[in-house]
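Inside the fold
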Amino acid sequence: MNKAGVSFETVKAGLMKDEAFQKEYERLRPRYEAIEQIIKARKEQHITQSELAKRVGTQKSNISRLESGSYNPSLDFLIKVVHCLGKEVKIQII
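A few words on the nonpolar core. Core analysis: the largest hydrophobic core is formed by 13 residues, its most contacted members being Ile-38, Leu-52, Val-56, Ile-63, Phe-77, Val-81 and Leu-85. Looking at this core, the elements that each hand over two or more residues are helix H2 (19-44), helix H3 (49-56), helix H4 (60-68) and helix H5 (75-84). No other element matches H5, which puts 4 residues into this core. Every residue in contact with Val-56, bar those within four places of it in the chain, is listed here: Ile-63, Phe-77, Lys-80, Val-81 and Cys-84.

Time to look at the packing of H3 against H4. The geometry of H3 relative to H4 is characterised by a closest axis approach of 8 Å and an angle of 110 degrees between their N-to-C directions. The pairing of H3 with H4 is recorded here as roughly perpendicular in orientation. Crossing hand, H3 versus H4: right-handed. Residues Gln-49, Ser-50, Leu-52, Ala-53 and Val-56 of H3 touch H4, and the partners they reach there are Lys-60, Ile-63, Ser-64 and Glu-67. Here the contact of H3 with H4 is built from residues that sort into 4 nonpolar, 3 polar and 2 charged.

Quick notes on the rules
- Residues numbered from 1 in each chain as written.
- Predicted model: local features only at pLDDT ≥ 70, side-chain atom pairs only at ≥ 80, totals over all residues.
- Heavy atoms only, no water.
- Core = buried A, V, L, I, M, F, W, Y, C linked by side-chain atoms within 4.5 Å.
- Buried < 20%, exposed > 50% of the residue type's maximum accessible area, 1.4 Å probe, protein only.
- Helix = DSSP H or I, 4+ residues; strand = E, 2+ residues; numbered from the N terminus.
- Contact = heavy atoms within 4.5 Å.
- Axes fitted to C-alpha atoms, helices over the stretch in contact; angles between N-to-C directions.
- Parallel < 35°, antiparallel > 145°, perpendicular 65-115°, else oblique.
- Left-handed = near helix turned anticlockwise from the far one by under 90°.
- Nonpolar A, V, L, I, M, F, W, Y, C, P; charged D, E, K, R; others polar.

Structural measurements only, silent on function.
Printed below as a string of structure tokens:
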């Protein structure tokens, strides 16, 4: 079955031709990779944003904003969230 519309990869490929877009995409890459890993860990544990918020001792809205990318968390908050998921933070500077 054919789906209507354009795939994300097609749109991304077009946008990546713009140098300014490409620079901003690369600048934000670490943030979105971290968010992706947090969401994956939460879903693998079958817990809701509300449950994670309880574990962290924060509001669900803070977890929602973190996962949507609209919130730039402190490193301490990020570490707390990750530890509440039973994971560790590894920062690598290359």
